[in-house]
Amino acid sequence: MNRPATSPNHKGSWIYFVLLMLVALAYSSPVFENIHNQGIADWDQHFFYHEVPAKSVLEYGQLPLWNPYYSGGNALLAYPQTRIITPFFGLHLAFDTPVALKLELFLHLAIGLIGGWVLCRYLGARSIISLAGALIILGNGIYAHRMIGGHTWFFSQAYFPWVIYFLLRCLRDKRPVWPAALLIALMLFEGGIYTVPHVLIYCGLIALIYAGLTRSLTPIWRMLQLVAITCGLAAVKLLPFLDFFRRFPRHIDSTDSLSPTMLWNALTVPDIHAHPELLTNAKWAFIEYAAYIGAIPAVIAIVFFFICLATRWRTNKLLAAAVAPGLVFVLLALGSLFPYSPWDILHHLPVFKSMHVPTRFLPGFLLALGIAFATGVTALELRLRQRCQDAPLPAFKNHPKLATALPTAAVIALTIWTIGDITYQNRTLLEPVFRIAPLPQQAEQPFRQVLGNEVQMYAHAKANLGSIRAYEMMTFGPHAVPAESRQYRGEVHLLQGGTSAYAYWSPNVLEIDYSSPVDDILVINQNYSPDWSSPSGHVVIDHEGLIAVYAPSGDNQRIVLSYQPLSFTIGVGVSLLTIVLLGYASYRRKMKLSP
């Protein structure tokens, strides 16, 4: 198996794509039973993340740059989990947030399953068993449990197998690397705060291993190209995010660990939340320790995983390079299980010191297991078919075709069992997730900050209310004063008296009319950010953490403020320049290859 048995692009692929879409629909079908319902756990928070950008575009005709509804005012585009620059944002403009996110849940699952199938096929697995490999790669219990938790940033995991596929094509077939870079940029655009660093590590390990196996520096050069193009394409989000992260670094201690027993339970116990005795040493919620694929597929996948590590580096270097990073990922997922563990070392590096829960590296391990499962079963089937043909059992001597069909029948049975079991067990977990009936719609009103709480952020945003007491670890505040407080002086006020009121209010642009007999300071009841400026020429300052402006004395004066981060402007320019350069490079490549 030095090369794929069949190209994944052959004309019959659409049949398997349709099958995987049907599997994805069966898997996710419980979420559509009450399509307007709201979800448990973090779903209110993530509904909020998606409601505000759509509101900015639809109601105010503005780019979603600033979020006045979040903890007294916070960055929107720059915020790590904001998902705006994505084709799926159109769903949020067309449908209510609950409906749009449930459609996304299904569509991302389908995209990821198809990507897993294409990856397994490219590495030599048969079409039928690649279906099961795809379920192990993305349809495992991790996806279901992330959806229980409302972690929409995990949607970006759907692109992980596609990135690996395009990288492998680049390394072996000398194809362009930009499709992989584009998908990594899309992962960042879709809030992939964990998935982007993980996929870059996986790609980097593939490049290093393949460079060693082929004794060539070309894979390293390709990896550098991948990182550079990714940064260029993603600059429109990456630069604002890095600027935001610089202002509000998040360093978290994370010394938790995952024992081999807990790992086995994660792979083989579908309803781990119903077995608290299996989580006695768990530091986090049960959703962090679930990765169900079933005992039989787990055993088969692990056996072939180690066989691949031991043998394929001689016969199929690309397959070995694709699977080997899984070993690093499972060691990282074990966390601080032993001194100087890979997790302890990685956790001291920039970016990674802001992460926690090492079990979030398990998806990379499951990707390697899915590849090993599909390619290993394919190799075993071919060997058994050849053996049955050369030396059939006595009962099948007169029926050679039947003898060689037995291994194929076994593979089909294994595929059906794996797909059916993983789908059934995980869809069952999704049934109680969206059980909260839609909250009564509050009448929209002039914007004001209220105290709020962590489970009504979405409802408050729909009613045009800012939630000061919101769930957040990275924020400009909160410094804003809620309307319920005795210190509340309105959404705008002058420090020394006078009158002031909004002439126009929107997330990114504020127009305030005021009258004051003396020079004063006008205070806006939102958290200060240095990216606020005044097109009307007034000086914007920080007053006790709030946006403030020097207000000269006079009657019927107007102050205009706008939020336009410089990092966003530069990022747009860098991303556009990268696209132009890629277009030019593609044109040159096409001209060079043409006769």
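Residues numbered from 1 in each chain as written. Predicted model: local features only at pLDDT ≥ 70, side-chain atom pairs only at ≥ 80, totals over all residues. Heavy atoms only, no water.

**Re the overall build of the chain**
Line of reasoning, step 1. When you go through the chain residue by residue, the secondary structure sums to 19 helices and 12 strands.
Line of reasoning, step 2. Relative to a compact globule of 595 residues, whose C-alpha radius of gyration would be 25 Å, the chain shows 27 Å and is just as compact.
Line of reasoning, step 3. Overall size of the chain, expressed as C-alpha extent along the three principal axes, is 105 × 60 × 50 Å.
Line of reasoning, step 4. Here the chain, with 595 residues, has 58% of them falling under the buried criterion.
Line of reasoning, step 5. Across the chain, contacts joining residues at least 24 apart in sequence account for 73% of those joining residues at least 6 apart.
Line of reasoning, step 6. Total accessible area computed for the chain in this model is approximately 24900 Å², and 64% of it derives from carbon and sulfur atoms.
Line of reasoning, step 7. Looking at the chain, you have 41 positive and 33 negative side-chain charges, and the mean spots of the two groups are 21 Å apart. (Helix = DSSP H or I, 4+ residues; strand = E, 2+ residues; numbered from the N terminus. Rg over C-alpha atoms; globule rule 2.2 N^0.38 Å. Buried < 20%, exposed > 50% of the residue type's maximum accessible area, 1.4 Å probe, protein only. Contact = heavy atoms within 4.5 Å. Areas by Shrake-Rupley, 256 points an atom, 1.4 Å probe, with all protein chains shown as cover. Lys, Arg positive; Asp, Glu negative; His and termini not counted. Charge placed at Lys NZ, Arg CZ, Asp CG, Glu CD.)

**What to know about the pairing of strand S11 (residues 546-551)**
Line of reasoning, step 1. Of all the 6 residues making up S11, 5 are buried; the element is thus mostly covered by neighbouring parts of the structure.
Line of reasoning, step 2. As paired strands, strand S8 (residues 520-527) and S11 are joined by 6 bridges and run antiparallel to one another. When the bridges of S11 are listed, aspartate 520 appears paired with alanine 551.
Line of reasoning, step 3. As paired elements, strand S10 (residues 540-543) and S11 share 4 bridges and run antiparallel to each other. The residue of S11 that forms the bridge with histidine 543 is leucine 546.
Line of reasoning, step 4. Hairpin remark: S10 followed by S11, antiparallel, with 2 residues in the connecting loop; positive phi at glutamate 544, about 55 degrees. (Pairing = 2+ DSSP bridges.)

**Section: a nonpolar patch on the surface**
Line of reasoning, step 1. On the surface, a cluster of nonpolar side chains totalling about 560 Å² of accessible area is made up of Trp14, Ile15, Val18, Leu19, Leu22 and Leu25.
Line of reasoning, step 2. Here leucine 19 is to be found in helix H1 (residues 13-28).
Line of reasoning, step 3. Of the residues examined, leucine 19 reaches a relative accessible area of 38% and is grouped as partly exposed. (Patch = residues over 30% accessible without salt bridge, like charges linked within 9 Å, V, L, I, M, F, W, Y side chains within 5 Å. Salt bridge = Lys/Arg side-chain N within 4 Å of Asp/Glu carboxyl O.)

**Side note on the pattern of salt bridges**
Line of reasoning, step 1. Here the structure, examined in full by the defined rule, presents 14 salt bridges.
Line of reasoning, step 2. One salt bridge connects glutamate 288 with arginine 360, and the closest N-O pair in it is separated by 2.7 Å. With a gap of 72 residues between them, glutamate 288 in the loop between helix H11 (260-268) and helix H12 (295-315) and arginine 360 in the loop between helix H15 (342-346) and helix H16 (362-390) connect regions that are remote in the sequence. Of the two residues, glutamate 288 and arginine 360, neither departs from the other in class, the shared state being buried.
Line of reasoning, step 3. Across the salt bridge formed by glutamate 431 and arginine 427, the nearest N and O atoms sit 3.5 Å from each other.
Line of reasoning, step 4. Each of the salt bridges in this network shares a partner with another, and the network as a whole consists of Asp243, Arg246, Arg247 and Asp531.

**A closer look at the sheet that holds strand S5 (residues 492-494)**
Line of reasoning, step 1. In spatial order, the strands read S5-S8-S11-S10; together these 4 strands make up an open sheet with antiparallel pairing. In the strand order of this sheet, the two ends are held by S5 and S10, each with one partner. This sheet shows a mean twist of 30 degrees between the axes of neighbouring strands, independent of strand direction. (Axes fitted to C-alpha atoms, helices over the stretch in contact; angles between N-to-C directions.)

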